[in-house]
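One-letter residues, chain by chain:
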Amino acid sequence: MLGAALAPLPAAAQDLLFPPGEGDFNWQSHEDFAAAHDLSGQSLTIFGPWRGEDQVLFEAVYAYFEAATGATIRYSSSENYEQQIVIDTAAGSPPDIAILPQPGLIAELVRKGQVAPLGEDTSAWLEENYAAGESWVGLGSFAGPDGASALYGFPYKIDVKSLVWYVPENFEDAGYEVPGTLEDLKALTERIVEDGGTPWCIGLGSGGATGWPATDWVEDMMLRVQPPEVYDQWVSHEIPFNDPRVVEAIEEFGWFARNDAFVAGGSAAVASTDFRDSPKGLFSSPPQCYLHHQASFIPSFFPEGTELGVDADFFYFPSYAGRDLGNPVLGAGTLVMITRETEASRAFIEWLKTPIAHEVWMAQSSFLTPFKGASLDSYASEAARKQGEILLDSTTFRFDASDLMPGAVGAGSFWTGMVDYVGGRSAQAVADAIEAGWPK
């Protein structure tokens, strides 16, 4: 939407990807920010995880910050960016802004006093302007050097994992409808078997990381059988991994994955099927399966030429109607931090509160946001818009648990334990083994 006459922007504006004043963007937010921030002659260093194509996308976005303020941004990344940011901050030469997708690493930087708190105003802004705002404040909050918790990370660029993929034509031919509750999803699973089909394609194979897709299943189930507070206690080890509530979530995954009639190839094929190959059964004729649970990246492994919304589509992995736990969403994403206090670094955080800072990336690719003030019409594809709507409809968001747990668990025993579980070991025995190996 447009305001009145747009204020003149610096000459660099002519090089912007989307010309100011055109398209489904909130140009008024750009104009207002420009009027309130003059950083002419100042520079801002940003260190982040994006390289290659993602870096090009981000550069096209922050060009609008440069155009609005007159500041110059110098962005850099590294193949080993996690190690590099630790080295740079420890050496006293941090970037002004650091962007990381690892809350565990951020927690350590905050504890060492290497990140500046963002303040109560930003906490209040997130609560009011992000869907499930309390969840996002919680994600970006960490214990500082004094042990007190405060907001240090601004969530920006989110990924959604709570998705189920299907082929609309297969559903239409069989007379199936997209389920609105987890009870409906289980009923659909049983109906497909009754009709002579196989409901699910599930594959846990991933080389040395075999087992990780099952952790996403368990995490989604944890959010659907327990309140988010229990999920948090599980992640932080305030409750043990073999707590009955965790065992229940594992068994909820097992309801789908350990039934030979429910899974293409039978349950014995789950661990040995590569996750990249597992969705292919959706596209065979007749279909080898009708449903596939996986994050938003999985279309990269669909057959070449697959058109989302036509040849394949997705729906929100629904919650139980009978549990009254709202619409939880599992995902991941990046957090933006101030690692060197400057006028420009503070201004950059303020800029992330403008719709234009979200809409310009929405209009390209690989970007989702829970910001209620950003226009859904900015999304470049219907698939991205639908995933964005899932975020906006969420009542709870939680970060991938395995990424928050100690590496020995989240990238180790949790993976291998899930392989053992689909292989026939009981959920209790698997949970007991993971708990016994939790780092002391």
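Treat the numbers as computed from the prediction; the structure is a model and nothing was measured.

Trainee: I keep staring at the overall build of the protein and nothing clicks. Help me out?
Mentor: Within the protein, the regular secondary structure consists of 17 helices and 11 strands. The globule rule puts the C-alpha radius of gyration for 440 residues at 22 Å, and the 23 Å found for the protein is close to it. For the protein, the C-alpha atoms occupy an extent of roughly 65 × 50 × 40 Å along the three principal directions. For the protein, the residues scored as buried account for 55% of the 440 residues in total. For the protein, the accessible area works out to roughly 17,400 Å², and carbon and sulfur atoms hold 48% of it. Of the side-chain charges in the protein, 23 are positive and 62 negative, and the distance between the mean point of each set is 7 Å.

Trainee: Would you explain the packing of aromatic side chains in this entry?
Mentor: Centre-to-centre distance and the angle between the planes together describe a pair of aromatic rings. Summed over all chains, the structure comprises 46 aromatic pairs. Look at W234 and F414: their rings are 5.9 Å apart centre to centre, the planes differ by 80 degrees, and that puts the pair in the edge-to-face class. A residue pair is termed long-range when its members are at least 10 positions apart, and W234 in helix α10 (residues 228-236) and F414 in helix α16 (residues 407-422) qualify at 180 residues. Summarising the burial analysis for this pair, W234 and F414 share the class buried. What links up through ring pairs into an aromatic cluster is the set W200, W217, F253, W255, F256, F262, F317 and Y421. Above the face of the W255 ring, K186 is positioned so that its terminal group lies 4.8 Å from the ring centre. Just above the ring of F314 sits the side chain of K386; from NZ or CZ to the centre is 4.6 Å.

Trainee: I'm lost on the state of the cysteines in this one. Help?
Mentor: Following the criterion strictly, the structure yields 1 disulfide and no others. Through a disulfide, C201 is tied to C289; the S-S separation comes to 2.0 Å. The chirality of the disulfide connecting C201 with C289 is left-handed, given an S-S dihedral of about -105 degrees. Of this pair, C201 sits in the loop between α8 (182-194) and α9 (212-225) while C289 sits in the loop between α11 (244-257) and β8 (292-293), placing them 88 residues apart in sequence. Exposure class is identical for C201 and C289. Each is buried.

Trainee: Sorry, what's going on with the environment of L139 here?
Mentor: Looking at the element boundaries, L139 is found in helix α6 (residues 133-140). For L139, a relative accessible area of 15% translates into the label buried. Ignoring sequence-local partners within four residues, the contact set of L139 consists of P103, L335, F397 and F399.

Trainee: Honestly, the pattern of salt bridges in this entry has me stumped. Any pointers?
Mentor: A side chain with one charge may pair with a side chain of the opposite charge, provided their charged atoms come close. The full count for this structure, using the stated rule, is 18 salt bridges. Residues D216 and K161 are paired through a salt bridge, measuring 3.4 Å at the closest nitrogen-oxygen approach. Taken as a pair, D216 in helix α9 and K161 in the loop between β6 (154-160) and β7 (163-166) lie far apart in primary sequence, 55 residues in all. Of the charged contacts in the structure, one is a salt bridge between R385 and D377, with a shortest N-O distance of 2.7 Å. Taking relative accessible area as the criterion, D377 reaches 46% and is therefore assigned partly exposed. Several salt bridges converge on common partners, so that one network encompasses K161, D216 and D400.

Trainee: Help me understand empty space enclosed by the protein in this model?
Mentor: One way to see where empty space is left: roll a probe the size of a water molecule over the atoms. The final tally for this structure, using the stated rule, is 1 cavity of 30 Å³ or more. Lining of the largest cavity is provided by C201, I202, G203, P213, W217, S278, H292, H293 and Q294. Contributions of two or more residues to the lining of the largest cavity are made by α9 and β8. For the lining of the largest cavity, the per-class residue count stands at 4 nonpolar, 5 polar and no charged.

Trainee: Would you mind showing me how to read the pairing of strand β1 (residues 43-47) here?
Mentor: It is a general feature of regular strands that their side chains alternate between the two faces of the sheet. Counting buried positions over the 5 residues of β1 gives 4, a clear majority of the element. Relative to strand β2 (residues 72-76), β1 is paired through 5 bridges, and the arrangement is parallel. Its bridge partner lying in β2, F47 is registered against S76. The β-α-β motif built from β1, the intervening helix α2 (residues 53-69) and the parallel element β2 has right-handed crossover chirality. Here 2 bridges tie β1 to strand β3 (residues 97-100), and the two strands are oriented parallel to one another.

Trainee: When you look at a negative patch on the surface in this model, what are you seeing that I'm missing?
Mentor: A cluster of like negative charges, contributed by E169, E172, D173, E307 and D311, occupies part of the molecular surface. Relative to the helices and strands, E172 resides in helix α7 (residues 168-174). For E172, a relative accessible area of 66% translates into the label exposed.

Trainee: Honestly, helix α14 (residues 382-393) in this entry has me stumped. Any pointers?
Mentor: Residues three or four positions apart in an α-helix share a direction because the helix packs 3.6 residues into each turn. Given a rise of 1.5 Å per residue, 12 residues ought to cover 16 Å, and the 16 Å separating the end C-alpha atoms of α14 matches this to within 8%. Along α14, the residues that are buried comprise A383, A384, Q387, G388, I390 and L391. For α14, the angular spread of the buried residues around the axis is 150 degrees, confining them to a single face. The outward face of α14, more than 90 degrees from its buried face, is lined by the exposed residues E382 and D393.

Rules of the game
- Residues numbered from 1 in each chain as written.
- Predicted model: local features only at pLDDT ≥ 70, side-chain atom pairs only at ≥ 80, totals over all residues.
- Heavy atoms only, no water.
- Helix = DSSP H or I, 4+ residues; strand = E, 2+ residues; numbered from the N terminus.
- Rg over C-alpha atoms; globule rule 2.2 N^0.38 Å.
- Buried < 20%, exposed > 50% of the residue type's maximum accessible area, 1.4 Å probe, protein only.
- Areas by Shrake-Rupley, 256 points an atom, 1.4 Å probe, with all protein chains shown as cover.
- Lys, Arg positive; Asp, Glu negative; His and termini not counted.
- Charge placed at Lys NZ, Arg CZ, Asp CG, Glu CD.
- Phe/Tyr/Trp six-rings, centres within 6.5 Å; stacked < 30°, edge-to-face > 60°.
- Lys NZ or Arg CZ within 6 Å of the ring centre and 35° of its normal.
- Disulfide = S-S within 2.5 Å.
- Contact = heavy atoms within 4.5 Å.
- Salt bridge = Lys/Arg side-chain N within 4 Å of Asp/Glu carboxyl O.
- 1 Å grid on protein atoms, 1.4 Å probe; cavity = no way out; pocket = protein on both sides within 12 Å on 5 of 7 lines; lining within 4 Å.
- Points joined across faces, edges and corners; volume = space filled by probe spheres on them.
- Nonpolar A, V, L, I, M, F, W, Y, C, P; charged D, E, K, R; others polar.
- Pairing = 2+ DSSP bridges.
- Right-handed = clockwise from strand over helix to strand, strands pointing away.
- Patch = residues over 30% accessible without salt bridge, like charges linked within 9 Å, V, L, I, M, F, W, Y side chains within 5 Å.
- Expected span 1.5 Å × (residues − 1).
- Arc of directions from axis to C-beta.

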